[in-house]
Each structure stands twice: as C-alpha cells, then as structure tokens.
Protein chains: 2
Amino acid sequence: MQFSSVLLETAVNEFAKLPGIGRKTALRLVLHLLRQDPSAAQGFGETVMKMRQEIRFCQRCHNVADADICSICSNSMRRQDMICVVETIRDVIAIESTQQFSGTYHVLGGIISPLDGIGPEQLFIDSLVDRVQKEGVTEIIFALSPNIQGDTTIYYIQKKLASLPVKVTTISRGISFGGELEYADEMTLARSISNRLPVESYVSHR
Amino acid sequence: MQFSSVLLETAVNEFAKLPGIGRKTALRLVLHLLRQDPSAAQGFGETVMKMRQEIRFCQRCHNVADADICSICSNSMRRQDMICVVETIRDVIAIESTQQFSGTYHVLGGIISPLDGIGPEQLFIDSLVDRVQKEGVTEIIFALSPNIQGDTTIYYIQKKLASLPVKVTTISRGISFGGELEYADEMTLARSISNRLPVESYVSHR
C-alpha cells in the first residue's frame, strides 16, 4: 500500500499491529477517525493511553481493577467465601455477563501447558491456596477450558487443596443450548450422558 | 457485557465505536494492548491523536497531506498535466499501490447521488475545472465507481470541461483478471465485448 502522507501511514501501521486487523481494515478505521470531528480521535487516543497507564490488577483475585482491589472483591453483597477459578480476565467478563454468579473470582493467568512452557509456578496458584487458607473459603468452582490442560490444572490445584476443608466443583459440560446432537464431539456427548440430570432439575432451570 | 473496571469498559466502548468492530472484538483489542508493554498503548494513542491533529488536505487535489500541498502534487517527477479523478482518498491509495500511474489526482469527495442528497455543489468539481483551466492539463482520467452515479458524475463534469482543450478518458471496464466469464454480470460482459482489444495490445500489457 502506497500512502502520500506519513501521518496516515504511521496511524495505519499502528492499527495493523492489533490482532486480527490487516492493513486494509486498519486503513478503513483510520479513514473513519479522519472523517469524524477531531475530538473523537482525541478522545479515542486519550482513553487508550489512560486505560493502559491507570489500570491495575486486583491484588486479591488478579482481575483488572481501577484500584488495588477490584470492584467484585470489594463488593460486600457478593459471597466472598465462594471462588470461581478462571484462566483469564475475559472469562470473568463472560461469567459476569450471565449475571448468575454471586461469588468472587480468581484469575490464574493461564492453564498448565508444558508444550507452551507454562508450568504451575507461572500461574497464580499459590495465592489461590493462600486465599482458601486465610479467607474461610467454602467452595471453589473451576471454570477452565474443557481440555487436557484444563483437567491437568484442576488436578494439580485440587491436590494442593486436598488437606483444606473446602468443597471443590467444576462447571458442567454438555451439549450447548441450541446445539445439534449429531455435531457434538464424542467426548462431550459421552460426558453429557454420564452426567445426565433428572428432568425436574432441568426444567426448573429454564 | 459486564466489566469490573470502568477504565477497561471505557476503552472497549471507544474501540466498539469504530466501523465493523463489535464489542467482543473491541475487548480482544483492548486486552491485547493491556498485555503489551505500556509504551505500546502510549505510542498507539499518541499516533492516533497526532494524525488527526496534524493531517491536512492538499489544497490542490484534496488528497490527505502532511503539508498544504500533498507529496504527489509537489513531486516534480510526476506528470502534472495528467489528472486522475477519484471519489475518495482510498482510491488514491489503491491506484498508487499499482505503481502504474505517474500523473496527479483530484479527489472529488464522493459522487453525484441525488438519493443520498449529494449534488455537484458538495463535491470538489469547481476546483477541478479551475485546475484544468489554469494548469495546462492535457488529460483527465476518470476512475469512478462503475455505476449510474459514477456515470452521472462523469457526464456532469465532462459537460463542464467541453469547451476546454483537454482529453477526457475513463479507466476500462471488463472482466477482472482471474475472473470467471460465467459469473460476470451482463452489463460488464456486454461492455467488455464492445470495448474489445486487439490481441497484440493485450499481450504487450502482460
């Protein structure tokens, strides 16, 4: 792509560094900002810089936060004795959007994956065990990826928690709502048969 | 989507204002910037603001420019007597990327489209006629959209230029390189037959 303006080219290059944004898309975004009032691009740029400068990570659950402790951990209306263990911040947002969980979270920062060079020591596992020991936690709910790495991580953490008086659960696996039986993989289908639910409890959730 | 950080939410909202970027994609982009070094987000934000503040539009051809006159208009190596008339800045970038055109451009800012409320007076047509009169222009090449609006615009401008000693041409229409005959629309196919080329001239262009 040939540009007659260095300013334009530099801006396109910056957008094209973002994941999933090619140069044509980057150009479309930059030309959009160029058509708007100057205050729009100003606000956009300032927001991005302010976000990166001021955002913090919760010292307790490692979620993104505007202060030392995130708004979920500091909310006294939420059950502080129930921790949902997730891989990333994105998972917290996904679960929060269901509005079905009233406990707190613990963001591991990934899952154990030797092939990617990620071992337990790179994840926030010690701080989770620490929370369980000191905060009187009654239940840990694992909401990790449904694969070998996720299962390995659950197994590893569960062993660390074995001596502590805490209930350990994992979110249920099964056929997605709206999913077609014939397209489900064998593993999911097999698990959803072995973990079958009484129809009364299924109906009551609708 | 539920966020536990106002800073994060504000940044996602800013990205989601961009065309073709939904909230999920916006979140992915923001989390990407969050994983990078703070200087990356700083550079990104500053580039966008600087671009919007400092970019100008060429006083001659209305293309984007870093100065009063764009780098194409001020390049003495280019044929200043040949003007390619396009709708938008994006068309200039597309044609420049072919590296086949050595003249200058004139960005109309759109095409005549009564249904969208765009009349000739909203486009840079007067300044084009002015350039032809004052700059000794020998050829005008129209590179507008191949539709009714494009043809209307060509017709309108051509009438304005009728009394001036300038050659007026339009880029050729035809089957795209690599295109399949059977999928071409009738109009394109009909035009490409009536505007057929001698094989020698076709071969020499390869």
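Let's shift gears to the domain arrangement of chain A. When its domains are assigned, chain A resolves into domain 1 (6-54) and domain 2 (78-171). Spacing between the C-alpha centres of domain 1 of chain A and domain 2 of chain A amounts to 36 Å.

Another point: the sheet that holds strand β4 (residues 104-107) of chain B. Residues and elements named next belong to chain B. Read across the sheet, four strands follow the order β4-β3-β5-β6 without closing on themselves; strand pairing throughout is parallel. At either end of the open sheet lies a strand with only one pairing partner, and these are β4 and β6 (167-170). Sheet twist, expressed as the average angle between the axes of neighbouring strands with direction ignored, equals 25°. Taken together, the four bridges between strand β3 (residues 82-86) and β4 define a ladder with parallel strand orientation. Bridge pairing links Val86 to Val107 in β4.

Bringing the sheet that holds strand β4 (residues 104-107) of chain A into the picture now. Hydrogen bonds between backbone groups are what pair the strands of a sheet, and the pairing can be parallel or antiparallel. Residue and element names in this part refer to chain A. Strand order in the open sheet made by the four strands is β4-β3-β5-β6, with parallel pairing throughout. Strand pairing shows two members of the sheet lacking a second neighbour, β4 and β6 (167-170), which therefore form its edges. Direction aside, the axes of adjacent strands within the sheet are offset by 25° on average.

With 49 residues of chain A at the interface, the matching set in chain B holds 49 residues. Those elements giving two or more residues to the side of chain A that touches chain B turn out to be α1 (6-16), α2 (23-35), α3 (38-54), β2 (64-65) and α4 (89-98) of chain A. Classifying every residue of the side of chain A that touches chain B gives 27 nonpolar, 13 polar and nine charged.

Moving on, we get to the relation of the copies chain A and chain B. The second copy of the chain is related to the first by a rotation about an axis and a shift along the axis. With an axial shift of 0.1 Å and an RMSD of 0.1 Å, the rotation relating chain A to chain B amounts to 180°. A rotation of that kind, with that shift, is consistent with a two-fold axis. Using C-alpha coordinates, one finds that chain A approaches the rotation axis most closely at A:Gly45, a distance of 1.9 Å. Both copies share a contact surface, since 100% of the interface residues of chain A are interface residues in chain B too.

In this model, A:Gln99 sits at a positive phi of 55°, which is unusual for a non-glycine residue. Tracing the backbone shows A:Gln99 in the loop between α4 and β4. Under the C-beta neighbour-count criterion, A:Gln99 is labelled exposed, with 8 such atoms within 10 Å. At B:His62, a position not held by glycine, the phi torsion is positive, near 70°. Inspection of the secondary structure puts B:His62 in the loop between β1 (56-57) and β2 (64-65). Using a count of 22 C-beta atoms within 10 Å as the deciding quantity, one classes B:His62 as buried.

The geometry of α3(A) relative to helix α1 (residues 6-16) of chain B is characterised by a closest axis approach of 9 Å and an angle of 150° between their N-to-C directions. Taken together, the axes of α3(A) and α1(B) lie roughly antiparallel to each other. Viewed along their axes, α3(A) and α1(B) form a crossing whose handedness is left-handed. The residues of α1(B) that touch α3(A), namely those facing A:Gly43, A:Phe44, A:Thr47, A:Val48, A:Lys50, A:Met51 and A:Glu54, are B:Leu7, B:Leu8, B:Thr10, B:Ala11 and B:Glu14. Split by residue class, the contact of α3(A) with α1(B) holds six nonpolar, three polar and three charged.

Turning our attention to α1(A). Among the residues of α1(A), those classed as buried are A:Leu7, A:Leu8, A:Ala11, A:Val12, A:Glu14 and A:Phe15. For α1(A), the angular spread of the buried residues around the axis is 160°, confining them to a single face. For α1(A), the secondary structure elements touched by its buried residues are α2 of chain A together with α3 (38-54) and β2 of chain B.

Residue and element names in this part refer to chain A. In this model, chain A carries an average pLDDT of 89, and 97% of its residues clear a pLDDT of 70 or more. The secondary structure element of chain A with the lowest average pLDDT is helix α8 (residues 199-204), at 63, and the one with the highest is β4, at 96. Across the predicted assembly, pTM comes out at 0.79 and ipTM at 0.82.

In this section: the packing of α1(B) against helix α2 (residues 23-35) of chain B. All names here are of chain B. One can describe the packing of α1 onto α2 by two numbers: an axis separation of 8 Å at closest approach and a directional angle of 120°. Between α1 and α2, the interaxial angle falls into the category oblique. Every pair of crossing elements has a handedness; the one defined by α1 and α2 is right-handed. Contacts between α1 and α2 involve Leu8, Ala11, Val12, Phe15 and Ala16 from the former and Arg23, Ala26, Leu27, Leu29 and Val30 from the latter. Tallied by class, residues from the contact of α1 with α2 come to nine nonpolar, no polar and one charged.

All names here are of chain B. Position of Leu164 among the secondary structure elements: in the loop between α6 (148-161) and β6. For Leu164, a count of 12 C-beta atoms within 10 Å translates into the label exposed. Here the alpha-carbon distance between Leu164 and Gln2, two residues 162 residues apart in the chain, equals 63 Å.

Here we come to the pairing of strand β5 (residues 139-142) of chain A. Residues and elements named next belong to chain A. Two elements, strand β3 (residues 82-86) and β5, share four bridges in a ladder whose sense is parallel. Bridge pairing links Ile83 to Ile140 in β5. On the question of chirality, the crossover connecting β5 to the parallel β6 by way of helix α6 (residues 148-161) is right-handed.

Turning next to helix α4 (residues 89-98) of chain B. Residues and elements named next belong to chain B. Within α4, burial applies to Ile89, Val92 and Ile93. An end-on view of α4 places all buried positions within 100° of arc, on one side of the element. Positive phi appears at Gln99, one or two residues downstream of α4, with a value of about 55°.

The rules we used
Residues numbered from 1 in each chain as written. Chains lettered and ligands numbered in written order. Predicted model: local features only at pLDDT ≥ 70, side-chain atom pairs only at ≥ 80, totals over all residues. Domains from an automatic or database assignment. Pairing = 2+ DSSP bridges. Helix = DSSP H or I, 4+ residues; strand = E, 2+ residues; numbered from the N terminus. Axes fitted to C-alpha atoms, helices over the stretch in contact; angles between N-to-C directions. Contact = placed C-beta atoms within 7 Å. Nonpolar A, V, L, I, M, F, W, Y, C, P; charged D, E, K, R; others polar. Least-squares fit on C-alpha atoms with pLDDT ≥ 70 in both. Buried ≥ 20, exposed ≤ 12 C-beta atoms within 10 Å, placed from the backbone. Parallel < 35°, antiparallel > 145°, perpendicular 65-115°, else oblique. Left-handed = near helix turned anticlockwise from the far one by under 90°. Arc of directions from axis to C-beta. pLDDT = per-residue confidence, 0-100. Right-handed = clockwise from strand over helix to strand, strands pointing away.

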